[in-house]
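# Examining the three-dimensional arrangement
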Amino acid sequence: MRRLLIVLFSLGLAAGCVSTSDSTETTVEPLETTSTTSRSQRTTEEPIDASGSTSVPSASGESDPRFASLDPGDPGGDAMGLAAARELGSIGDPTFPGLGNSGYDVQTYAINLDLTRPELVAETTVTLTALAELDSFHLDLVGLTIDEIRIDDEPALFMRDGREVIIRPPEPIESGQTVAVLVAYHGTPEPIADQDLPFNLGFQTQSWGTFVASEPVGAATWFPANDHPQDKALFTITISVPEGTTTAGPGQRTSSTTAEGVTTETWIAADPMSTYLASVATGAFDVSIETLDSGLVIRHAVHADAAIATGTELDTTVEMIAAFEERFGPYPFESYGILVVPEQLGFALENQTLSLFGTDIMTSPAAQPILAHELAHQWFGDNVSPAAWDDIWLNEGFATWAEWWWTERITGTNNVNTARFIPLEPLKGLPASGLFEINVYWRGGLTLEALRRDVGDEIFGQILREWSNRYGGGVASTQNFLDLVEELSGAGAADLVSQWIFAPTMPVLADE
Ligand code: TRP
Ligand code: ZN
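For clarity, every value in this text was computed on a predicted model and none was experimentally measured.

### Some words on the side chain of Arg327
Within the secondary structure layout, Arg327 lies in helix H4 (residues 317-328). Not counting the four nearest positions on each side in its chain, Arg327 is found in contact with Trp401, Trp405, Arg452, Asp457, Phe460, Gly461, Leu464 and Arg465.

### Thoughts on the coordination of the zinc ion (ligand 2)
Looking at the zinc ion (ligand 2), the protein donor atoms are His373 (NE2), His377 (NE2) and Glu396 (OE), and they sit 1.9 to 2.0 Å from it. Exposure remark for His373: the relative accessible area of 1% places this residue in the buried category. Look at His377 and you get buried, because its relative accessible area is 0%.

### Description of the side chain of Ser102
Looking at where Ser102 falls in the secondary structure, it is placed in the loop between helix H2 (39-45) and strand E1 (104-114). The exposure class of Ser102 is buried, given its relative accessible area of 1%. Within the structure, Ser102 has its side chain in polar contact with the backbone oxygen of Glu87 (distance 3.3 Å).

### Topic: the packing of H4 against helix H7 (residues 393-411)
Here H4 crosses H7 at 120°, and the two axes come no closer than 12 Å. In terms of axis orientation, H4 runs oblique to H7. Here H4 runs over H7; the crossing is right-handed. Note on element contacts: H7 touches H4 through Trp401, Ala402, Trp405, Trp406 and Arg409, opposite Glu319, Met320, Ala323, Phe324, Arg327 and Phe328.

### Here we look at the sheet that holds strand E7 (residues 164-168)
Sheets are built from strands that pair by backbone hydrogen bonding, the pairs being arranged parallel or antiparallel. What the three strands build is an open sheet, ordered E3-E7-E6; its pairing is antiparallel. With partners counted over all chains shown, the strands left at the sheet margins are strand E3 (137-140) and strand E6 (157-161), one partner each. Sheet twist, expressed as the average angle between the axes of neighbouring strands with direction ignored, equals 25°. Relative to E7, E6 runs antiparallel, the two being bridged by five bridges. In the strand pairing of E7, Leu157 is matched with Arg168.

### Here's the deal with the environment of Pro386
Here Pro386 shows up in strand E22 (residues 384-386). The class for Pro386 is buried, based on a relative accessible area of 0%. Considering only alpha carbons, one finds Pro386 and Thr478, 92 residues apart in sequence, at a separation of 8.4 Å. Ignoring any residue separated from it by four or fewer positions in sequence, one finds Pro386 in contact with Pro229, Tyr276, Gly381, Asp391, Asn395, Val475 and Ala476.

The rules behind the values
- Residues numbered from 1 in each chain as written.
- Chains lettered and ligands numbered in written order.
- Predicted model: local features only at pLDDT ≥ 70, side-chain atom pairs only at ≥ 80, totals over all residues.
- Heavy atoms only, no water.
- Helix = DSSP H or I, 4+ residues; strand = E, 2+ residues; numbered from the N terminus.
- Contact = heavy atoms within 4.5 Å.
- Donors = N, O, S within 2.8 Å, 3.2 Å for Na, K, Ca; no water.
- Buried < 20%, exposed > 50% of the residue type's maximum accessible area, 1.4 Å probe, protein only.
- Polar contact = N/O pair within 3.5 Å; in protein donor to acceptor, adjacent residues only side chain to side chain.
- Axes fitted to C-alpha atoms, helices over the stretch in contact; angles between N-to-C directions.
- Parallel < 35°, antiparallel > 145°, perpendicular 65-115°, else oblique.
- Left-handed = near helix turned anticlockwise from the far one by under 90°.
- Pairing = 2+ DSSP bridges.

Right, here's the structure in full:
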C-alpha cells in the first residue's frame, strides 16, 4: 500500500485524491521462489559456463528421464551488457534473473483466445528464429494447462518448471532456422500478486469483462512468451467473445465476424512490441475511431460504466500528440487511444497503442498529467524499450519529464520545484521492488531537466528525437543514452547526466 501511494504521488496526484481501497495487498511468494530451480542462486553463485551441461529439474525437482540429455548451456546472442548469466531459461536480466529466454528471437506471436467458455481456451503460435542449434528451448508461461505443443506441426515434448516451459523439438532446430511453435492451452489466467510490486500483474478477469496490465512480468499469464522487453515481435491477437461483447487490442481491428452467437475479432499491431506492453480487453466498451489527416488512427475504448467518469478528458488526445511530435519526433505507431476500465486501479499503464486507465485517475485532478505521461511512454518505453528492467528510468523519467512539460504548458506550473529539493536515490542498481518508486520517476525526470538546462532546448530536442530515430522499434540501455548525450552535446553534459543517474547524493538542479 505504501508503495502504491508513492507511485500515485510520483505521478503528480495529491495524496488522498484517489481511493486505494480496491488495490491489492495480497502477499504471496516473490516471483523467484515460484520456480523450483533457484535460478538467481545459480546465477550469482555459479555462473553457467557456455559449454557446461546442467541437468534440468522437473517440476517435482527431480530429473525428468525424457530430458536426461538436455543441455541448457548458453547459446549466445547479444547480451546487451546484461550482467546475469544467460542460459536457455533466462535472458540475463539482473533484476529478474529468471525472466525471458535465450537461444532464439521471436518474430511473431499469433494469439487466439476463446473467451466464450467457462475457462480460457487458447492457442498461441510463436514463430521464432534459432540463434544457435537448439536441442531444447524455453518459453515463459505462468499457470494454465498446456494441452499440446507442436513445432512446424510435429508434436514436441515439453515439461514445466515454475514459469519455464521447456520444449524439446522432435529434432534439433538449426541455428538461423525459423519454426512455428504452436502451444494449445486452457485454464483460468491468474494474475501475479507479487509482494515486490503494488499491482496485480497480467490478465485480469472481472465481473464486467477482462483487461491486461503486465508490466513488468505479467505477460506470461496469458500467452507463452519470451517475456523480456528485449525480444520484441509482431502481434496478431484474435479473440472470441459472446455476441454483444466488445473487444479491444493493440494496433487496429482487422476483422470482426459473428456466427452462432460468437463474435470473433482480430487485432493486428504493425510495429514490434515488447511482451509486457501487449494487451486485450473485453466487455461493454464504447469504441470511438477517428482517422486523422496524417493517417494516425485515434481509437478509444471506454467501458459503459466508466463513461461518466471519463467525461471529456480524452478530448485533448490529438492536441497532446501534436505537441509531443514537435518535441519528440513523429508518433511511432499506427494508432493510439485510451482504454478506460470500470476499476479503481490506482495507476495507469502505457500498453502499446492503447494506454490503460481506471475511473479513479480519470476523475482525479491528475487525469491530464497522467494522460500526458502515458502518451509520452509510447515514445519512451514502448517504441524505445529498456534493455534491462534496471534501465526503467529511461521509461519513467522520460514520461515524467514529458508530463511536467505538458502540465507547465496547460497550467503554468509543475512539480519540478517540489522534486528538486527532495533527496532522491540514484537510478541504477534497483531491486525489483524499486522499479516504480518515486526516485525513478522524479529523479529520472529531473535528470532530463538538468540536461535541458545545461544544453538548451534545441540540443535537448535533438537528443530526444535522435533517441527514437536510433533505437525506435528496439531497446536501449542507460549507457546508450550517455553515449548519445556525449555524441550530441559533449563529455561535460554526459558527465552531468551520469551524476544524476549514479551519484549517491542527488545533484543540485541548476536554476533556469
Ligand atoms: N508504467 C506505469 C506508469 O508509470 C506504472 C506501472 C508499472 C504499472 N507496472 C504497472 C501500472 C502495472 C499498472 C500495472 O505509467
Ligand atoms: Zn510511467
